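Each chain, written out:
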Amino acid sequence: MSLDQITGDLLIGGEAVTDAPRAMRAINPDSGAVLEPAFATATPQDVRRACALAAEAFPSYRGAGLEARARFLETIADNIVALGDALIERASAETGLPAGRLQGERARTVGQLRLFAAVVRAGEWLDLRVDPAMPDRQPLPRPDLRLRQIPVGPVAVFGASNFPLAFSVAGGDTASALAAGCPVVVKGHPAHPGTGELVGRAIDAAREACGLHPGVFSLLLGGIETGTALVTDPAIKAVGFTGSRGGGLALVAAAASRPEPIPVYAEMSSVNPVFLLPGALAARAEALAHGFVDSLTLGAGQFCTNPGIVLAIDGPDLERFMDAAAARLAGVKPAPMLTPGIHSAFEAGVKAFAENAAVETVSRGAPGEGANRGPGALFATDAESFAADPRLAHEVFGASSLIVRCVGAEGFIAAAEKLEGQLTATLHLDPADYPLARELVPVLEGKVGRILANGWPTGVEVSHAMVHGGPFPATSDSRTTSVGTLAIRRFLRPVSYQDLPEALLPPELQADGLASLPHLLDGTRVLPG
């Protein structure tokens, strides 16, 4: 079968499941048109079979050499590129996103697959450590101790609505889990099932070309029941999720209630506060307003790094910023939102802000022309009202933001201390603002996973030093990231080997393996060669 053919089948263990019930269709959010074909939804038996095959595949996949695993990731990337325009056209039809945005997202998707292939080959993630025996040490000898990281087991991945490629079937969760040596069962997002199937077929074709067990990858579709069945299946050992706070917390609860609880790495909710420090605001209020509105409305505001709160010291310079932002936003025509449900939730959130007696409506975007358009919304309140009403700090997914007027530097710091956990915080500052920034940064370190200066939070670099995570409720585990090479650590656990004979040690910890891989020798870094 051609890789660019969409049948609506589930993909379980290298086979298309054609006899599952078909009750799901994608909707074009731009036009409201229902798209063909109808897609199969997984039965409980389908979920159990996919998980059982993943467990069956785990021993051989975790034992595959680093080069074999890296080639698999690169072949997936090659196959996604080979889908060409068919992938972009289907993704655009299912999401309303423009082709240019999707082409960039495809580049990010294949780029992170290739980056993880390089990470696998380099072997730093194995965290190899050797503490040689000290038989003559007094008062007690030291045994020979060796450590490596191993994969945790099959991983369940949930596709996200807002990134149909980079956070979905072959997104960062799948790439990092496969890199770690974990088979993956993906629950595709129902908003873009055809896109998911195309990518799923590209992954499965790569698996077959690389001679890997069929259970290394499966793709399911379904609703809440399917997700719960997947997370609670005993074969699944970890979960990657990007989505709403409610959805993430439901999965966390389900995973915690299992006889064997497992971790859920959920990226859930963030309003990404932007702090306009006095010097910067005085120097360039209008330019900051334009950059803010451009970031706010990018992709109809449907980014997890959308700047949903702006904090500044009240005064004439803030008024200049607000006037300029109001004028800029009023001229922005909204793009279609990803689904009718997301659009309805956005309108409900905006309505709640507009009806709040402590909130002022600053500006609305231009009216929409077509289905599922949500004009941008900008509101304002004072720091006292913001602190008194937790609802004002909740995310409205879409192009909506709240300006918080603070009184003096003390009010600025106090507002920061009241924030929930976030993915990002942004500081716009000039050198004269550094003293205040020095007070803010330690507060923000306790609140966020990434602190930016003189930029905008929309846009996440896939790199070695990136953190896309943060304290609850931004994520369910603040020690992890869903973007960047550090993401692989979510799906690993350490094992220590004491006094094992050389022949019984894993290859990486034998003499030849240590000669070719970075490791710690009695606490000192040793590089290959």
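Residues numbered from 1 in each chain as written. Predicted model: local features only at pLDDT ≥ 70, side-chain atom pairs only at ≥ 80, totals over all residues. Heavy atoms only, no water.

Caption draft 1: Structural context of the pattern of salt bridges. Overall, the coordinates contain 32 salt bridges when judged by the stated rule. For R22, the salt bridge goes to D9, with nearest N and O atoms at 2.3 Å. One end of the pair, R22, is in strand β3 (residues 22-24); the other, D9, is in the segment before β1 (10-12), and 13 residues separate them in sequence. Judged by its relative accessible area of 33%, R22 is partly exposed. Of the residues examined, D9 reaches a relative accessible area of 10% and is grouped as buried. Note that E319 is salt-bridged to R405, the shortest N-O span being 2.6 Å. One end of the pair, E319, is in helix α10 (residues 316-330); the other, R405, is in strand β16 (residues 400-406), with 86 residues separating them in the sequence. Classification of R405 by relative accessible area gives buried; the value is 17%. In this structure, a network of salt bridges that share partners links the residues E67, R71, E74 and R121. (Salt bridge = Lys/Arg side-chain N within 4 Å of Asp/Glu carboxyl O. Helix = DSSP H or I, 4+ residues; strand = E, 2+ residues; numbered from the N terminus. Buried < 20%, exposed > 50% of the residue type's maximum accessible area, 1.4 Å probe, protein only.)

Caption draft 2: Structural detail: the environment of A238. With respect to the helices and strands, A238 occurs in strand β10 (residues 238-242). Considered as a pair, A238 and P154 are 84 residues apart in the sequence and their alpha carbons are 7.1 Å apart. Ignoring any residue separated from it by four or fewer positions in sequence, one finds A238 in contact with V152, P154, V155, A156, I262, P263, Y265 and F491. (Contact = heavy atoms within 4.5 Å.)

Caption draft 3: Spatial organisation of the packing of helix α3 (residues 85-95) against helix α6 (residues 193-209). Between α3 and α6, the least distance of the axes is 8 Å, while the angle of their chain directions is 155°. It follows from the interaxial angle that α3 and α6 lie roughly antiparallel. Crossing angle aside, the handedness with which α3 passes α6 is left-handed. Of α6, the residues touching α3 (which contributes A86, L87, R90, A91 and E94) are P193, G194, T195, L198 and V199. Split by residue class, the contact of α3 with α6 holds six nonpolar, two polar and two charged. (Axes fitted to C-alpha atoms, helices over the stretch in contact; angles between N-to-C directions. Parallel < 35°, antiparallel > 145°, perpendicular 65-115°, else oblique. Left-handed = near helix turned anticlockwise from the far one by under 90°. Nonpolar A, V, L, I, M, F, W, Y, C, P; charged D, E, K, R; others polar.)

Caption draft 4: Broad picture of the sheet that holds strand β19 (residues 492-498). Read across the sheet, five strands follow the order β19-β6-β5-β20-β21 without closing on themselves; strand pairing throughout is mixed. The open sheet has two edge strands with one neighbour each: β19 and β21 (524-526). Geometrically, the sheet is characterised by an average inter-axis angle of 25° between neighbouring strands, direction not taken into account. (Pairing = 2+ DSSP bridges.)

Caption draft 5: Looking closely at the packing of aromatic side chains. Tallied over the full model, the rule gives nine aromatic pairs. Aromatic pair Y61 and F72: ring centres 6.1 Å apart, planes at 85°, arrangement edge-to-face. Note that Y61 is positioned in helix α1 (residues 44-63) and F72 in helix α2 (residues 66-82), a separation of 11 residues in sequence. Neither Y61 nor F72 differs from the other in exposure class; each is buried. Through a chain of ring-to-ring contacts, three or more aromatic side chains come together here, namely F163, F167 and F303. (Phe/Tyr/Trp six-rings, centres within 6.5 Å; stacked < 30°, edge-to-face > 60°.)

Caption draft 6: Region of interest: the UniProt feature "domain: Aldehyde dehydrogenase" (unreviewed entry) in the protein. The UniProt entry lists residues 22-426 under the feature "domain: Aldehyde dehydrogenase" (unreviewed entry), expressed in the numbering used here. The span residues 22-426 shows a helical share of 46% and a strand share of 17%, and its end C-alpha atoms are spaced 45 Å apart. (UniProt positions renumbered as here; feature names shortened; annotations may be inferred.)

Caption draft 7: Fine view of the sheet that holds strand β18 (residues 448-453). What the seven strands build is an open sheet, ordered β14-β15-β16-β13-β12-β17-β18; its pairing is mixed. On the outer flanks of this sheet lie β14 (360-364) and β18, each paired with one strand and no other. Taking each pair of neighbouring strands and ignoring which way they run, the sheet shows an average axis angle of 20°. By the bridge criterion, five bridges tie strand β17 (residues 422-428) to β18 in an arrangement that is parallel. Each bridged residue has a counterpart across the sheet, and for Q422 the counterpart in β18 is V448.

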